[in-house]
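Listed here are the chains, written in short residue letters.
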Amino acid sequence: DGHVKDAVFLPWRDLQTTLKEKDIREKIPKDAIVYTYCAVGYRASRAGKILASYGFDVRPLKPGYDDLVKAGFASEKKK
């Protein structure tokens, strides 16, 4: 239903199927620490493994999206 404000939206399914490493590198700086999150954590972990295989410093978050918003992270509705 939404995402953390200023987050780069890379759906796990797209990471698995359609996005290529080149596409991802255009969206995420190589030297950035990448935090992944989803509704409950499962897809965040899976996405993190894919991004780590491309050399990104990835830290999957255990809290889900709703928990992050409750903790004070600003959110934006999905467009």
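Look up a bit, the structure's there.
Quick caveat, the model's predicted, so the values are computed rather than measured. (Residues numbered from 1 in each chain as written. Predicted model: local features only at pLDDT ≥ 70, side-chain atom pairs only at ≥ 80, totals over all residues. Heavy atoms only, no water.)

*Asks:* Explanation requested: the overall build of the protein chain in the structure shown.
*Replies:* For the protein chain, the count of helices and strands is four helices and four strands. Helices (α) and strands (β) of the protein chain occur, in sequence order from the N terminus, as β-α-α-β-α-β-α-β. When the backbone C-alpha atoms are referred to their principal axes, the protein chain occupies close to 35 × 25 × 25 Å. In the protein chain, which comprises 79 residues, the proportion classed as buried is 30%. A fraction of 66% describes how many contacts in the protein chain between residues 6 or more apart in sequence connect residues 24 or more apart. Of the roughly 5600 Å² of accessible surface on the protein chain, 53% is carried by carbon and sulfur atoms. (Helix = DSSP H or I, 4+ residues; strand = E, 2+ residues; numbered from the N terminus. Buried < 20%, exposed > 50% of the residue type's maximum accessible area, 1.4 Å probe, protein only. Contact = heavy atoms within 4.5 Å. Areas by Shrake-Rupley, 256 points an atom, 1.4 Å probe, with all protein chains shown as cover.)

*Asks:* Teacher, can you tell me more about the nonpolar core here?
*Replies:* General note: in soluble globular proteins, nonpolar side chains tend to be found buried as a group. Residues L15, I24, I28, V34, L51 and F56 are the most contacted members of the largest nonpolar core, which totals 13 residues. Counting residues per element, this core draws most heavily on helix α3 (residues 42-53), which supplies three residues. For I28, the residues in contact, after removing those within four places along its chain, are L10, V34, L51 and F56. (Core = buried A, V, L, I, M, F, W, Y, C linked by side-chain atoms within 4.5 Å.)

*Asks:* Sorry, what's going on with the layout of surface pockets here?
*Replies:* Over the atoms, a rolling probe the size of a water molecule traces out where space has been left empty. Its boundaries defined by the atoms lining it, the largest pocket holds a volume of some 940 Å³. If you trace the largest pocket, you find 34 residues lining it, with V8, F9, L10, Y37 and C38 closest to the centre. Counting residues per element, the ones that place at least two in the lining of the largest pocket are β1 (2-4), α1 (12-17), β2 (33-36), α3 and α4 (65-70). When its residues are assigned to classes, the lining of the largest pocket shows 24 nonpolar, three polar and seven charged. (1 Å grid on protein atoms, 1.4 Å probe; cavity = no way out; pocket = protein on both sides within 12 Å on 5 of 7 lines; lining within 4 Å. Points joined across faces, edges and corners; volume = space filled by probe spheres on them. Nonpolar A, V, L, I, M, F, W, Y, C, P; charged D, E, K, R; others polar.)

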